[in-house]
Amino acid sequence: MSRESRQLRGLARLGEARGGVLRALDAVHLTVAGAILLVFAAGGWWLAHHLGSRTMYLLVYAGLLVIGAAWLAARRRLALAVERSTLPGRVREGQTVSVELSLSARRRATTLIMQERLDPVLGETVRFPVLSIAPGQPLEHAYSFTPSRRGVFKLGPLSATWSDPFGLTTQAQELAEPVTLIVHPRTEPAFDRVLTRMWEDPPVRPPISKPWPTGFEFYGMRDYVPGDDLRRVVWSAVAKTGKLLVRESEQGITDRVCVFLDTDRSWHSPGVPSETFETGVRVAASLCSRHITDGFAVSLHSNDDELSAGVRGSRARYPLLDHLARIHAAPSPLSKAGVRLLAEARRGAHIAVITPHLDRTVADQLRIVIERGASVALVKLVWEESDPLSWAHAAELGCQVIQVTAGGSIEAAFGHHVQRVGGRR
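Conventions and cut-offs
Residues numbered from 1 in each chain as written. Predicted model: local features only at pLDDT ≥ 70, side-chain atom pairs only at ≥ 80, totals over all residues. Heavy atoms only, no water. pLDDT = per-residue confidence, 0-100. Helix = DSSP H or I, 4+ residues; strand = E, 2+ residues; numbered from the N terminus. Contact = heavy atoms within 4.5 Å. Pairing = 2+ DSSP bridges. Axes fitted to C-alpha atoms, helices over the stretch in contact; angles between N-to-C directions. Core = buried A, V, L, I, M, F, W, Y, C linked by side-chain atoms within 4.5 Å. Buried < 20%, exposed > 50% of the residue type's maximum accessible area, 1.4 Å probe, protein only. Parallel < 35°, antiparallel > 145°, perpendicular 65-115°, else oblique. Right-handed = clockwise from strand over helix to strand, strands pointing away. Phe/Tyr/Trp six-rings, centres within 6.5 Å; stacked < 30°, edge-to-face > 60°. Expected span 1.5 Å × (residues − 1). Arc of directions from axis to C-beta. Polar contact = N/O pair within 3.5 Å; in protein donor to acceptor, adjacent residues only side chain to side chain.

Student: Please clarify how the confidence of the model for the chain should be interpreted in this entry.
Tutor: Any region with low pLDDT has predicted coordinates that should not be read closely. Here the chain averages 81 in pLDDT, and 82% of its residues register 70 or above. Looking across the chain, the model is least confident in strand E10 (residues 211-212), with a mean pLDDT of 44, and most confident in strand E9 (residues 179-184), with 94. Predicted confidence is poor over residues 195-214, with pLDDT under 50, and the contacts of this stretch with residues over four places away or in other chains come to 46 contacts.

And the structure:
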């Protein structure tokens, strides 16, 4: 270990010890000066007992009396009211959130330290001094924070801290309760080609195919009916036929999408948070958002449970992202989800599996899924210690395989896959 590393580690330990001491002093309502006086009083009492000095006993009692008087002087309730601006219940990872605080007092208060506790993921705890606040003179304070990763966190409580005139003791009063904030994972455009299938080339259409109002590929034309969007009118066809025709798009072979996120911590990269796991959560969020927006019914699964079953519509996007904000790694293997995976395997279904490792058991399950007529997209999370055998198992399946590097761009990875597949067609 280098000398610089030892110094940095020593400074980190020193900072943790200092923080622990300050938290202990806050718990007993003492300042550093009050703690020093209490230590001197304890040492003086031992010395007075050892020497049998009545004068020293009196000095010790006088010191304790000062600490008691300071504690009583600081023990008062503040007549303060605080209004915190309305916060969104859900925010996005990396989104900046602004908070405004408004303080009002029923009686004069001086020399206060206001403190809004924030989870370290949200930012540093907000502290600001209030020298004086009088009745009828509200005080405004604004701050902002940016969540660094997804999850469910607490903002607050907001409290006021003050000291006695001697600066020996402290008192605190909670003014505003904490609020819960759900931080959704960041999403990126991700197109896993639901329409990629063995029937891709015309004139043969898939066995299950129907028009889709805002679909994906050209399906045909039909006569205009009142209420149709004029932007879908094919004017060149109108000029040739004299009829008002509108374009219809092809839905593809499915309107059901199932997303399986591998939560087995033993194959994800180490660390808290795990880089591959967080990348997998963002991939799942991107796919769910994309398919919900396109009008599909989306199901979300982890290794242990089905988190959401066949939800559809724009409002369903937020509960899905809520599940992904709360999800965490677990010891269960991906093969535990095999029963649900096979249950979702039906002709016309599209299944996306997001995993850093594909063993033989899961590969066999996916092969059965493909043989039953489902479309499978395998999103392989790659990091420096990825198992190369996973790639061999994935290549044997003959399904779509999208490689996403841990911490890398999801949009670029999916875009590269689409270009690669499109170039072969």
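Student: Just to check I follow, could you spell out the sheet that holds strand E14 (residues 297-301) for this structure?
Tutor: In a beta sheet, neighbouring strands are held together by backbone hydrogen bonds and run either parallel or antiparallel to one another. Strand order in this open sheet of six strands is E15-E14-E13-E16-E17-E18, and the pairing throughout is mixed. On the outer flanks of this sheet lie strand E15 (306-311) and strand E18 (400-405), each paired with one strand and no other. Across the sheet, the axes of successive neighbouring strands diverge by a mean angle of 15°, strand direction being ignored. The pairing of strand E13 (residues 256-261) with strand E16 (residues 350-355) spans five bridges and is classified as parallel. Bridge pairing in E16 places cysteine 258 opposite isoleucine 351. Across the sheet, helix H8 (residues 360-371) lies against E16 and strand E17 (375-382), angled at about 150° from E17, the strand it touches most.

Student: Even after reading the chapter, I still don't get the nonpolar core, so can you show me in this structure?
Tutor: As a rule of thumb, soluble globular proteins bury nonpolar side chains together. Within the largest apolar cluster, 32 residues are counted, with the highest numbers of intra-cluster contacts made by Leu103, Leu122, Tyr143 and Phe145. Among the secondary structure elements, those contributing two or more residues to this core are strand E1 (80-84), strand E3 (97-105), strand E4 (109-118), strand E5 (126-133), strand E6 (139-145), strand E7 (151-163), strand E8 (170-176) and E9. Setting aside chain neighbours within four positions, we find phenylalanine 145 in contact with Gln95, Thr96, Val97, Val99, Leu118, Leu122, Leu155 and Leu181. In this structure, Ala285, Leu321, Ile354 and Ile410 belong to the second largest nonpolar core, which totals 30 residues.

Student: Is there a simple way to explain the packing of helix H5 (residues 275-293) against helix H6 (residues 317-326) in this structure?
Tutor: When two helices pack together, their arrangement is captured by the angle between the axes and the distance separating the axes. Look at H5 against H6: their axes get within 10 Å of each other, and the N-to-C directions meet at 170°. The angle between H5 and H6 places the two elements in the roughly antiparallel class. Side by side, H5 and H6 meet where Val281, Ala284, Ala285, Cys288, Ser289 and Ile292 of the first sit next to Arg317, Leu320, Leu321 and Leu324 of the second.

Student: How should the environment of glutamate 306 be read in this particular structure?
Tutor: Here glutamate 306 shows up in strand E15. Among the residues examined, glutamate 306 registers a relative accessible area of 32% and is labelled partly exposed. Placed 31 residues apart in sequence, glutamate 306 and alanine 337 show a C-alpha to C-alpha distance of 8.9 Å. Once residues within four sequence positions are removed from consideration, glutamate 306 is found in contact with Leu300, His301, Arg340 and Glu344.

Student: What am I meant to see in the environment of glutamate 100 here?
Tutor: With respect to the helices and strands, the residue glutamate 100 is situated in strand E3. Taking the C-alpha atoms as reference points, glutamate 100 and alanine 142, separated by 42 residues in sequence, lie 4.3 Å from one another. When neighbours within four sequence positions are excluded, glutamate 100 is seen to be in contact with Glu83, Arg84, Ser85, His141 and Ala142.

Student: Would you mind showing me how to read the sheet that holds E6 here?
Tutor: With antiparallel pairing, three strands are arranged side by side in an open sheet as E1-E3-E6. In the strand order of this sheet, the two ends are held by E1 and E6, each with one partner. Between one strand and the next, the sheet's axes are offset by a mean angle of 20°, whatever the strand orientation. Pairing geometry for E1 and E3, over five bridges, is antiparallel. When the bridges of E3 are listed, valine 82 appears paired with leucine 103.

Student: Help me out: how do you make sense of the pairing of E17 in this one?
Tutor: Counted residue by residue, E17 has eight buried out of eight residues, so it is predominantly covered. Burial of E17 is two-sided: the residues Ser375, Ala377, Val379 and Leu381 facing one way and the residues Val376, Leu378, Lys380 and Val382 facing the other way are all buried. Pairing geometry for E16 and E17, over six bridges, is parallel. Counterpart to histidine 350 in the pairing with E17 is serine 375. Regarding topology, H8 serves as the crossover connection from E16 to the parallel E17, and that connection is right-handed.

Student: Honestly, the packing of aromatic side chains in this entry has me stumped. Any pointers?
Tutor: For any pair of aromatic rings, the description consists of the separation of the ring centres together with the inter-plane angle of the planes. Inspection of every chain in the model, using the stated rule, returns two aromatic pairs. Pairing tryptophan 45 with tyrosine 57 gives two aromatic rings, centres 6.4 Å apart and planes at 75°, and the pair type is edge-to-face. Residue tryptophan 45 is found in helix H2 (residues 32-51), and its partner tyrosine 57 is found in helix H3 (residues 54-74); the two are separated by twelve residues along the sequence. Judged by relative accessible area, tryptophan 45 falls into the partly exposed class, the value being 41%. Judged by centre distance (6.1 Å) and plane angle (25°), the ring pair of tyrosine 57 and tyrosine 61 falls under stacked. Here the residue tyrosine 57 and the residue tyrosine 61 both occupy positions in helix H3, the gap between them amounting to four residues, near one helical turn. Residue tyrosine 61 is classed as partly exposed on the basis of its relative accessible area, which comes to 46%. These aromatic residues form a ring-pair network of at least three members: Trp45, Tyr57 and Tyr61.

Student: Explain H3 here, please?
Tutor: Note that an α-helix has 3.6 residues per turn; residues three or four places apart therefore point the same way. Taking 1.5 Å per residue, 21 residues should reach 30 Å; H3 reaches 30 Å between its end C-alpha atoms and fits that length. Burial in H3 covers these residues: Tyr57, Val60, Gly63, Ile67, Ala70 and Ala74. Seen from one end, H3 has its buried residues packed into an arc of 155°, which puts them on one side. Seen from the open side of H3, the exposed residues pointing more than 90 degrees away from its buried face are Arg54, Thr55, Leu58, Leu65 and Leu72. Check the buried side of H3 and you find it contacts H2, E7 and E8. With a side-chain oxygen positioned 3.3 Å from the backbone nitrogen of methionine 56, the residue opening H3 is serine 53.

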